[in-house]
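# An overview of the molecular structure
Chain residues, written in single-letter form:
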Amino acid sequence: MANKNKEIIIGVVTAIFATIAGMYLSIELFSEFDFETSIGMIQKGKLVSQMITLGAVANLFVFFVFLKKKQDLRAKGVLIATIITALITLLMKYRN
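Let us look at the structure shown here. The structure displayed is predicted, hence computed values, not measured ones.

Scanning the chain from N- to C-terminus turns up 5 helices and 0 strands. Along the first, second and third principal axes, the C-alpha set of the chain runs to 45 × 30 × 15 Å. The buried share among the 96 residues of the chain stands at 27%. Counting only contacts in the chain whose residues sit at least 6 apart along the sequence, the fraction spanning at least 24 positions is 70%.

Written as structure tokens, this is what we have:
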């Protein structure tokens with residue numbers, strides 16, 4: 001049982017890092033401004049929830065890699081983290 005939980009937690013942590021990496025790559029690839037300026041503009045424009053959602057797209061890649069490698073419990077962790085991310089961004093969007 002502990003091994004199952006460990007695998008799910010690895011999936012969740014991987015998804016969190018993938019979301020952060022996705023956000024960073026989105027800013028670096030699509031923004032005309034430097035990273036710090038872009039972050040400031042995102043915060044000022046209240047677009048943080050949209051950036052988190054865009055970053056979470058990277059979880060699709062991680063999810064399918066885990067499925068391809070037959071690591072279903074890790075894929076389950078990615079799915080759990082993605083659902084939590086969706087709920088958080090939904091709350092952030094309607095809180096403002």
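Glancing now at the environment of Asp34. In this fold, Asp34 is placed in the loop between helix 1 (2–30) and helix 2 (35–44). Taking relative accessible area as the criterion, Asp34 reaches 44% and is therefore assigned partly exposed. Residues Asp34 and Val12 lie 22 residues apart in sequence; the distance between their C-alpha atoms is 30 Å. A distance of 2.9 Å separates the side chain of Asp34 from the side chain of Thr37, its partner in a polar contact.

In this section: the side chain of Asn59. Among the structural elements, Asn59 can be located in helix 4 (residues 58–68). Residue class for Asn59 comes out buried when judged on its relative accessible area of 1%. If near-sequence neighbours (up to four positions away) are discounted, Asn59 is found in contact with Ala15, Ala18, Thr19, Val78 and Thr82.

Attention now goes to the side chain of Ser26. Structurally, the position occupied by Ser26 is in helix 1. Apart from the residues within four sequence positions on either side, Ser26 is in contact with Ser31, Met51 and Leu54.

Criteria and thresholds
Note on numbering: residues in each chain are counted from 1, in written sequence order. The predicted origin of the model limits local features to residues at a pLDDT of at least 70 and limits the giving and counting of side-chain atom pairs to 80 or more, whereas totals for whole chains, interfaces and linings rest on all residues. As a rule here, side-chain values cover all heavy atoms of the structure and leave hydrogens and water aside. For helices the rule is a DSSP run of H or I covering at least 4 residues; for strands it is a run of E covering at least 2, with both sets numbered from the N terminus onward. Burial classes: relative accessible area under 20% of the type maximum marks a residue as buried, over 50% as exposed, and values in between as partly exposed (1.4 Å probe, protein chains only). We call two residues in contact when some of their heavy atoms are within 4.5 Å. Definition of a polar contact: a pair of N or O atoms within 3.5 Å, with one able to donate and the other able to accept a hydrogen when the atoms are protein atoms, and with sequence-neighbouring residues admitted only if both atoms are side-chain atoms.

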